[in-house]
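Observations on chain architecture
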Amino acid sequence: MKDLVRVTTLISAAIEKLLNKQVKMEAYSSAVYLSMASWCNRNGYDYSSTYFFKQSGEERNHQLKIFKYILDMGGNAVSPDVTDIKKEYNGFREVFEEALDQEISVTQSIKGIYAACMKEQDFVTVEFLNWFLKEQREEEYKARRALELFEVIGEEGTGRWQIDRHVGDIKYDGEA
Ligand SMILES: [Fe+2]
Ligand SMILES: [Fe+2]
């Protein structure tokens, strides 16, 4: 009987599980970015706070995009528990280091799902994931650029104040 149920879904149980894991990861990213927005605001880095607010919204959209895809494919999308969100950071730079780490692990995770889809010839999900790979190119670029500002400008004197202002201008023109 279980196989009959599966006939109504266009993704395998294994891919469904991986996609639900990704839903959770995007939800977690969204919550972490919100926490970063709070920390930056409380510590006087208003441009960075706005930047992380925006990032948080983007991650929420990624979460919903995958959530909806699972449902569209006839699967069971699971609303995730998101817990253990870090609330305090040791410094301005640490926030951006962790943001980059987070983006790198998201890219790795999506590559993992992509590889699993290729293995079972789930080209429909591969096509769906292409958007996310492109998105990660932008996300990693922005996170790296933010960290570069710490090197280029330096944190001494009014450095952190200037870095914060420049974070507000970070853009990715990869499509140009
Ligand atoms: Fe994301
Ligand atoms: Fe992201």
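Look a little higher up for the structure.
Everything numeric in this text was worked out from a predicted model, so none of it was measured. (Residues numbered from 1 in each chain as written. Chains lettered and ligands numbered in written order. Predicted model: local features only at pLDDT ≥ 70, side-chain atom pairs only at ≥ 80, totals over all residues. Heavy atoms only, no water.)

1. Here we look at the overall build of the protein
Heads up, the condition is: Numbered from the N terminus, helices here are DSSP runs of H or I no shorter than four residues, and strands are runs of E no shorter than two. For each residue, the accessible area found with a 1.4 Å probe, counting protein chains only, is set against the maximum for its type, and the residue is called buried under 20%, exposed over 50%, and partly exposed in between. Note on areas: Shrake-Rupley with a 1.4 Å probe; residue coverage comes only from the protein chains shown.
The number of helices and strands found in the protein is 6 helices and 0 strands. Going from N to C terminus, the protein has its helices and strands arranged as α-α-α-α-α-α. When burial is assessed residue by residue, the protein has 42% of its 176 residues classed as buried. Of the roughly 10100 Å² that the protein leaves accessible, carbon and sulfur atoms contribute 54%.

2. Description of the pattern of salt bridges
Here is the rule: Counted as salt bridges are all cases of a side-chain nitrogen of Lys or Arg within 4 Å of a carboxyl oxygen of Asp or Glu.
The full count for this structure, using the stated rule, is 13 salt bridges. We note a salt bridge from Arg-93 to Glu-97, for which the minimum N-O separation is 3.1 Å. One end of the pair is Arg-93 and the other is Glu-97, both in helix 4 (residues 92-119) and 4 residues apart, which spans about a single turn. The salt bridge partner of Glu-155 is Arg-160, with a shortest N-O separation of 3.0 Å. What makes Glu-155 partly exposed here is its relative accessible area of 23%.

3. Focus on unusual backbone geometry
Residue Asp-84 is not a glycine yet carries a positive backbone phi of 60°. Relative to the helices and strands, Asp-84 is located in the loop between helix 3 (46-72) and helix 4. Exposure remark for Asp-84: the relative accessible area of 71% places this residue in the exposed category. The backbone of Gln-121 sits at a positive phi, close to 55°, despite the residue not being glycine. Mapped onto the secondary structure, Gln-121 falls in the loop between helix 4 and helix 5 (123-153).

4. Comments concerning the coordination of the iron ion (ligand 2)
Note the threshold: Each metal's donors comprise the N, O and S atoms found within 2.8 Å of it (within 3.2 Å for Na, K or Ca). Water is not part of the atom list, so some coordination spheres may appear incomplete. Geometry assignment treats four donors as tetrahedral when all angles are between 85 and 135 degrees, treats four as square planar and six as octahedral when opposite donors are over 155 degrees apart and all others between 65 and 115, and treats everything else as irregular.
Donor atoms from the polypeptide that bind the iron ion (ligand 2) are Glu-59 (OE), Glu-103 (OE), Glu-103 (OE) and Glu-139 (OE), placed at 2.0 to 2.5 Å. Of note is the iron ion (ligand 2), whose 4 donor atoms meet at the metal with angles of 54 to 154° in an arrangement that counts as irregular. Between the donor residues of the iron ion (ligand 2), the gaps in sequence give the motif E-x43-E-x35-E. Here the iron ion (ligand 1) and the iron ion (ligand 2) are spaced 3.4 Å from one another, each receiving a donor from Glu-59. Of this pair, Glu-103 sits in helix 4 while Glu-139 sits in helix 5, and the two are 36 residues apart along the sequence. Assessed through its relative accessible area of 2%, Glu-139 is described here as buried.

5. A word on empty space enclosed by the protein
Counted only if it meets this: Cavity means a closed set of points on a 1 Å grid over the protein atoms alone, one where a 1.4 Å probe fits but cannot get out, pocket means an open set with protein on both sides within 12 Å along at least 5 of 7 lines, and lining means a residue has an atom within 4 Å of a point. Grid points are joined across faces, edges and corners, and a volume is the space filled by probe spheres set on the points. When residue character is reported, Ala, Val, Leu, Ile, Met, Phe, Trp, Tyr, Cys and Pro are called nonpolar, Asp, Glu, Lys and Arg charged, and the others, Gly included, polar.
According to the stated counting rule, one finds 1 cavity of 30 Å³ or more in the structure shown. Lining the largest cavity are Tyr-33, Tyr-51, Phe-52, Gln-55, Ala-99, Glu-103, Glu-139, Lys-142 and Ala-143. Listed by contribution, the elements that provide at least two residues to the lining of the largest cavity are helix 3, helix 4 and helix 5. Among the residues forming the lining of the largest cavity, the class breakdown is 5 nonpolar, 1 polar and 3 charged.

6. Description of helix 4
Short version of the rule: What a helix is expected to span follows from its residue count: subtract one and scale by 1.5 Å.
Relative to the 40 Å expected for 28 residues at 1.5 Å per residue, helix 4 spans 42 Å between its end C-alpha atoms, a close match to the ideal helical length. Taken from the residues just after helix 4, Gln-121 is the one with a positive phi, measuring 55°.

7. Topic: helix 2 (residues 13-42)
In this model helix 2 runs 44 Å from its N-terminal to its C-terminal C-alpha over 30 residues, within 8% of the 44 Å that 1.5 Å per residue would give. In the stretch just after helix 2, Gly-44 is the one whose phi turns positive, near 90°.

8. Digging into the packing of aromatic side chains
The geometry of an aromatic ring pair is captured by two quantities: the separation of the ring centres and the angle between the planes. Using the following cut-off: Within 6.5 Å between ring centres, the rings of Phe, Tyr and Trp (the latter by its six-membered ring) count as paired, and their orientation is classed by plane angle as stacked under 30 degrees, edge-to-face over 60, tilted in between. Here, over-ring charges are defined by two tests on the NZ atom of lysine or the CZ atom of arginine: distance to the ring centre within 6 Å, and angle to the ring normal within 35 degrees.
Applying the stated criterion across every chain, the model contains 14 aromatic pairs. Arranged with centres 5.1 Å apart and planes meeting at 40°, the rings of Phe-52 and Phe-96 form a pair that is tilted. Note that Phe-52 is positioned in helix 3 and Phe-96 in helix 4, a separation of 44 residues in sequence. Accessibility assignment for this pair places Phe-52 and Phe-96 in one class, buried. Plain terms: the ring middles of Tyr-69 and Phe-128 are 4.0 Å apart, the flat faces sit at 10° to each other, and that makes the pair stacked. Here the residue Tyr-69 occupies a position in helix 3, and Phe-128 occupies one in helix 5, the gap between them amounting to 59 residues. Across the pair, Phe-128 and Tyr-69 agree in class, each one buried. Through successive ring pairs, a cluster of aromatic residues spans Tyr-33, Trp-39, Tyr-45, Tyr-51, Phe-52, Tyr-89, Phe-92, Phe-96 and Phe-150. Across the ring face of Trp-131, the terminal group of Lys-65 is positioned such that the distance to the ring centre comes to 3.8 Å.

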